[in-house]
Each structure stands twice: as structure tokens, then as C-alpha cells.
Amino acid sequence: MKKKSIAETRTLSGCWGKTKILFISESNLDIRIRNYNAKDFEDVYEIYSKSFAEEPWNEYMKCGLCGVNYGIYESRTVKQSCKKCNGPLRLERYWSRKDVYDDIEYAIAIDWRKILVAEINGKLAGFTWGYRMDKEKFNFLSESEIFSKEGEIMYVDEVATSPDCRNMGIATMLETVLLSEARNSGFSYAVLRTDEKNKSAISVYEKLGFRKMKANNGELKDPEFNSRIYMAKPLVRYG
Ligand SMILES: [Zn+2]
């Protein structure tokens, strides 16, 4: 029997816009996108801390004194003193459970938010969340033309997949459901932030219809982190 690919299965399901919980089954893979619940926290934490430990974020460990980040490779080859503060080096996990818990709680406290997880055969494979964007918090984006337009923006805060579930289209599935939820709730745009070095993520977002945000006078830069870029996608309602 011919094994169906995930992509084929995805097109066959064809009901992204209407389902809140989504099943895609085939002979040996059951992929499900569903709402997050508190029991998912440990799995989300594992994926969260593993994903951001990789390039380009390198948020694996941090200096206990100044908080500067150390990547996986760097952590194994470190010297006795910190690369930034020069203090005696005591590394701790970059993302603590409390950090991730607070990040999720921040989203939960917003009046419109959607927190989704992806499961493959019952095992958590990825997550994403987005919420109503507080335009004032992103003042530096106000030069972009979409900020001057009427309408609400959904901010895609996090998306990550487990390192062993890459290149299976999980992030695309998560975002497709998230974007359709936002569209159904009347949002005009979705905006997300990534790093210009994160080519594979950028390519996923471009395929989903996101484009780099530009200011009237050209480049739009995050005042704090120069390599961060912002991407936007209009959420047009069909029928
Ligand atoms: Zn330090």
C-alpha cells in the first residue's frame, strides 16, 4: 500500500477554517492540532528550551551573574570567567520553567489569544501562540503602513517544533490553524518577529504569506536587537 505523505493528507482534510480541533490521520501518523491545556506545560517547556538553545538564538545556558547567553557548543567549551562580565562563570539554564510559565500566563491574560499544540501519535511535537497585539508596546513599528490602518493585529508570539519533528510541516499546520482563528475573529493582520539569520523559519513564514515589514523610509529595525525582523500578513476574509 502506498504511504500517504503528510502534505497530501493535509490537502485532503481541507477544512482548516472551521475546525477548532483538527485531526489528520493516515496509516501510521495521527497529527492533531488542538488547544493548549495546563497538562501540556512540561512538554511545551521541553520543546521551548530545546528550540531556543539552537541557532540563531543560542539561548541554552546563561551566566548566573550578568545573564548573557551561551549556545550549546559554547557551553561545552567555556572558560572559567564570563565572556561578558568577566566574573567567575556559573552557568544556569537560559529558560527556566518560571520564564516559560510566565510567558504563557502573559498570553492567557490577554482578552484574545489562541494557544495551540501539535501532537503526533499522542506526543507533543510543537506549539504556537498568538494574541491581540498591543500596538503601543511596539511603537517602533508605527512607521509601517499597516499600523496606521484601521483594524486589529494578531501578534504571533511563539512557534516552535520539537527538534526530532522538523521538516514535517508541523509549524505550517500550527500557523495555518492560528491564522484562520484570527481571521475568523476579524483580525486584519498577523505580525510576527524572527531573526534575519533564521532562514528556515523565514522561508516557512513566506510560504504562509508573510512578508518583511518595511517603514516609509526603508528598513524597519528593532531598536534593541538589530538582526530581528518583523513580518506581516494580511488576513483577508473569503466568503
Ligand atoms: Zn557574566
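Computed from a predicted model, the values in this text were never measured in an experiment.

Q: Account for the overall build of the protein chain, naming residues and giving values.
A: A tally of regular secondary structure across the protein chain gives seven helices and 11 strands. Within the protein chain, buried positions represent 27% of all 239 residues. In the protein chain, the proportion of contacts linking residues at least 24 apart, taken out of those at least 6 apart, comes to 62%.

Q: Tell me about the packing of helix α2 (residues 41–52) against helix α4 (residues 97–108), and name the residues and values.
A: It is at 10 Å that the axes of α2 and α4 come closest, and there the two elements cross at 110°. In terms of axis orientation, α2 runs roughly perpendicular to α4. Every residue of α4 that contacts α2 at Phe 41, Val 44, Tyr 45 and Tyr 48 is listed here: Arg 97, Val 100 and Tyr 101. Counted by class, the contact of α2 with α4 contains six nonpolar, no polar and one charged residues.

Q: Any details on the environment of Asp 222? Residues and values, ideally.
A: Tracing the chain through its elements places Asp 222 in the loop between β10 (211–212) and β11 (228–234). Between the C-alpha atom of Asp 222 and that of Arg 193, which follows or precedes it by 29 residues, the distance is 9.6 Å. Apart from residues lying up to four places away in sequence, Asp 222 is in contact with Phe 140 and Arg 228.

Q: Report on the nonpolar core, specifying residues and quantitative values.
A: Counting 50 residues, the largest nonpolar core has Leu 116, Met 154, Leu 174, Ala 190 and Val 191 as its most contacted members. At the level of secondary structure, the elements contributing two or more residues to this core comprise β2 (30–35), α2, β6 (113–120), β7 (123–132), β8 (153–161), α6 (170–184), β9 (189–195) and β11. With eight residues, the top contributor of residues to this core is α6. When residues are assigned to domains, this core turns out to be shared by domain 1 (6–45 + 95–234) and domain 2 (60–94), each giving three or more. Those residues in contact with Leu 116 that lie beyond four places of it in its chain are Ile 33, Arg 34, Asn 35, Tyr 36, Phe 127, Thr 128, Trp 129, Leu 174, Val 177 and Leu 178.

Q: Hey, could you go over the sheet that holds strand β5 (residues 91–93) for me, with residue numbers and the actual values?
A: Consider a sheet: its strands pair through backbone hydrogen bonds, and that pairing is either parallel or antiparallel. Pairing within the open sheet is antiparallel, and its three strands lie in the order β4-β3-β5. Taken across any chain shown, the strands that pair with only one partner, and hence form the sheet edges, are β4 (69–70) and β5.

Q: Tell me about the confidence of the model for the protein chain, residues and numbers included.
A: Put simply, the protein chain has an average pLDDT of 84, and 87% of its residues get 70 or more. Ranking the helices and strands of the protein chain by mean pLDDT puts β7 first, with 96, and helix α1 (residues 6–13) last, with 38. This model gives residues 1–21 a pLDDT under 50, and the stretch forms 20 contacts once residues within four places in sequence are excluded.

Q: Describe the pairing of β6, with residues and values.
A: Pairing of β2 with β6, which is carried by five bridges, proceeds in the antiparallel orientation. Across the sheet, Asn 35 pairs through a bridge with Leu 116, a residue of β6.

Q: Kindly report on α6, identifying the contributing residues and their values.
A: Between its terminal C-alpha atoms α6 stretches 21 Å, which fits the 21 Å expected from 15 residues at 1.5 Å a residue. Among the residues making up α6, those that are buried are Ile 170, Ala 171, Met 173, Leu 174, Glu 175, Val 177, Leu 178, Leu 179, Glu 181 and Ala 182. Two residues or fewer after α6 comes Gly 186, characterised by a positive phi angle close to 90°.

Q: Summarise unusual backbone geometry; cite the residues concerned and give the values.
A: Glu 55 connects to Pro 56 through a cis peptide bond whose omega is -5°. Here Pro 56 lies in the loop between α2 and β3 (61–63). Not every positive phi belongs to a glycine, and Asn 58 is a case in point at roughly 55°. Of note, Asn 167 is a non-glycine position whose phi angle comes to about 60°, a positive value. Counting through the fold element by element, Asn 167 comes out in the loop between β8 and α6.

Q: I'd love a proper account of the environment of Trp 129, names of residues and values included.
A: Tracing the backbone shows Trp 129 in strand β7. By C-beta crowding, Trp 129 is classed as buried, having 24 other C-beta atoms within 10 Å.

Calculation notes
Residues numbered from 1 in each chain as written. Predicted model: local features only at pLDDT ≥ 70, side-chain atom pairs only at ≥ 80, totals over all residues. Helix = DSSP H or I, 4+ residues; strand = E, 2+ residues; numbered from the N terminus. Buried ≥ 20, exposed ≤ 12 C-beta atoms within 10 Å, placed from the backbone. Contact = placed C-beta atoms within 7 Å. Axes fitted to C-alpha atoms, helices over the stretch in contact; angles between N-to-C directions. Parallel < 35°, antiparallel > 145°, perpendicular 65-115°, else oblique. Nonpolar A, V, L, I, M, F, W, Y, C, P; charged D, E, K, R; others polar. Core = buried A, V, L, I, M, F, W, Y, C linked by C-beta atoms within 7 Å. Domains from an automatic or database assignment. Pairing = 2+ DSSP bridges. pLDDT = per-residue confidence, 0-100. Expected span 1.5 Å × (residues − 1).

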